[in-house]
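# Survey of secondary and tertiary structure
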Number of protein chains: 2
Amino acid sequence: MQPLKTGELAKRAGVNVETLRFYERKGLLPRPPQRESGYREYPQESVRLIRFIKRAQELGFSLKEIRELLTLKVQPGVTCADVRETTERKVADVRKKIRDLKAIERALQRLTVTCMGRGPLSECPILEHLEGEIL
Amino acid sequence: MQPLKTGELAKRAGVNVETLRFYERKGLLPRPPQRESGYREYPQESVRLIRFIKRAQELGFSLKEIRELLTLKVQPGVTCADVRETTERKVADVRKKIRDLKAIERALQRLTVTCMGRGPLSECPILEHLEGEIL
DNA sequence: CTTGACTCCGTACCAAGGTACGGACCGTAG
DNA sequence: CTACGGTCCGTACCTTGGTACGGAGTCAAG
């Protein structure tokens with residue numbers, strides 16, 4: 001298995017070359033050995049690393065959190081329980097976001113229910129509510 | 001009712017002075033008449049306008065969307081139904097966000113369930129999943 | 001009339017997660 | 001050997017919703 005050049009890694013991992021550079025700057029992707037010319041030579045595992053990042057992102061982890069997860073992985077003495085704890089915190093975050101959005105949904109829903117969609121703008125219950133006339 | 005100076009409006013509306021300047025730049029808050037000295041003289045209604053913005057924000061509207069709502073209000077021929085439509089689109093957005101977050105929640109929940117929190121990091125099911133080992 | 005608080009303006013900065021650009025250099029196919 | 005595409009680097013730019021700063025000018029209380 002040959003090392004990968006930046007463009008090859010980007011292609012295999014399904015991201016932009018610029019994104020790789022960005023991840024490197026952010027400390028998510030370690031800088032690989034470089035040739036004399038400066039060309040980076042990524043090991044094959046880098047593809048997995050990028051995919052790890054992308055998966056974690058899909059699960060709602062921020063890049064900062066992902067960097068922490070990656071740091072956990074290489075620190076001695078870190079246990080599975082630490083990773084689990086991070087994940088549980090994230091579940092709690094996500095649940096809070098869901099609760100907040102549901103409150104918003106209910107409020108908006110109440111607004112659309114009060115508005116028949118008829119009548120002039122000056123009597124629109126939605127705008128009235130936003131202006132604080134009612135409630 | 002005297003006109004309000006920037007600081008007074010900010011105080012009454014519960015926002016920062018800088019925020020008012022920001023809203024003005026963004027086209028949410030029309031630039032009021034100004035004295036010779038440049039001092040702005042806001043009409044009392046501006047307090048309501050800022051509160052409108054803040055309420056709409058709490059309901060998940062972005063500043064851009066709020067600007068559109070405000071534009072709707074002053075355009076002739078716009079009906080209550082237009083406002084209702086905007087609100088309904090927003091409800092749909094919010095519902096989609098909730099669905100997405102629920103999918104994330106389920107996925108994270110599955111991960112924490114598979115992880116007993118014991119054992120070495122090298123066998124952590126959470127990290128394994130993120131790396132694509134399983135599934 | 002002085003002085004401290006307020007206001008003006010442009011601009012820079014923050015977070016997050018990238019994308020884009022330009023000039024210089026490299027590498028390889030033809 | 002040359003030409004084209006890939007890569008390097010630093011930097012600027014984008015979005016969203018603001019916050020902060022600094023110098024100059026202004027207002028109003030004492």
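Residues numbered from 1 in each chain as written. Chains lettered and ligands numbered in written order. Predicted model: local features only at pLDDT ≥ 70, side-chain atom pairs only at ≥ 80, totals over all residues. Heavy atoms only, no water.

Here the focus is the relation of the copies chain B and chain A. The transform that puts chain B on chain A rotates by 180° and translates by 0.0 Å along the axis, for an RMSD of 0.3 Å. One copy is carried onto the other by what is essentially a two-fold rotation axis. Residues of chain B ranked by C-alpha distance from the rotation axis are headed by Ile98(B), positioned 2.8 Å from it. A shared interface surface links the copies, since 100% of the contact residues of chain B are contact residues in chain A too. (Least-squares fit on C-alpha atoms with pLDDT ≥ 70 in both. Contact = heavy atoms within 4.5 Å.)

Moving on, we come to the domain arrangement of chain A. All names here are of chain A. Domain boundaries assigned for chain A yield domain 1 (1-78) and domain 2 (79-135). Here domain 1 and domain 2 have C-alpha centroids that lie 36 Å from each other. At the junction of the two partners, domain 1 supplies seven residues and domain 2 supplies eight residues. For the pair domain 1 and domain 2, the summed buried area comes to about 600 Å², and 66% of that belongs to carbon and sulfur atoms. For domain 1, the biggest contributors to the area lost against domain 2 are Phe61, Leu72 and Val78; these three give 57% of the whole. (Domains from an automatic or database assignment. Buried area = accessible area lost by both parts, 1.4 Å probe.)

Our next topic: the environment of Glu65(A). Turning to its location among the elements, Glu65(A) is positioned in helix H4 (residues 63-74). Within the structure, Glu65(A) has its side chain in polar contact with the backbone nitrogen of Ser62(A) (distance 2.8 Å). (Helix = DSSP H or I, 4+ residues; strand = E, 2+ residues; numbered from the N terminus. Polar contact = N/O pair within 3.5 Å; in protein donor to acceptor, adjacent residues only side chain to side chain.)

Glancing now at the interface of chain B and chain A. Where interface size is quoted, it is often the accessible area lost as the parts come together. Of the residues lining the interface, 52 residues belong to chain B; the matching set on chain A comes to 52 residues. Where chain B abuts chain A, roughly 4500 Å² becomes buried across the two surfaces, and 70% of that area is made up of carbon and sulfur atoms. Where chain B touches chain A, the interface holds two salt bridges. Glu105(B) serves as the salt-bridge partner of Arg95(A), at 2.6 Å between the closest nitrogen and oxygen. (Salt bridge = Lys/Arg side-chain N within 4 Å of Asp/Glu carboxyl O.)

Here we come to the protein's contact with DNA strand D. Among the 22 residues in the neighbourhood of DNA strand D, the closest are listed as Thr6(A), Tyr39(A), Arg40(A), Thr19(B) and Gln57(B). Here the atoms of DNA strand D within 4 Å of the protein split so that 67% fall in sugar or phosphate, with bases taking the remainder. One nitrogen or oxygen atom from the side chain of Arg21(A) is found 2.7 Å from a base oxygen belonging to DNA strand D. Sorting the residues of the surface near DNA strand D by element identifies helix H1 (6-13) of chain A together with helix H2 (17-25) and helix H3 (45-58) of chain B as the ones contributing at least two each. The dominant element in the surface near DNA strand D, judged by the number of residues it contributes, is H2(B), at five residues. Classifying every residue of the surface near DNA strand D by side-chain character gives five nonpolar, nine polar and eight charged. (Near = heavy atom within 4 Å. Nonpolar A, V, L, I, M, F, W, Y, C, P; charged D, E, K, R; others polar.)

This part is about the environment of Thr71(A). Among the secondary structure elements, Thr71(A) is positioned in helix H4. Put simply, Thr71(A) and Gly27(A) are 44 residues apart on the chain and 9.9 Å apart in space, counted from C-alpha to C-alpha.

Residues three or four positions apart in an α-helix share a direction because the helix packs 3.6 residues into each turn. For helix H4 (residues 63-74) of chain B, which comprises twelve residues, the first-to-last C-alpha distance of 17 Å matches the rise-based estimate of 16 Å (1.5 Å per residue) to within 8%. Taken as a whole, H4(B) has its buried residues at Glu65(B), Ile66(B), Leu69(B), Leu70(B) and Leu72(B). Looking straight down H4(B), one finds its buried side chains confined to an arc of 155°; they lie on one side. Opposite the packed face of H4(B), turned more than 90 degrees from it, sit the exposed residues Lys64(B) and Val74(B). Contacts made by the buried residues of H4(B) are with helix H6 (125-131) of chain A together with H3 and helix H5 (80-114) of chain B. (Expected span 1.5 Å × (residues − 1). Buried < 20%, exposed > 50% of the residue type's maximum accessible area, 1.4 Å probe, protein only. Arc of directions from axis to C-beta.)

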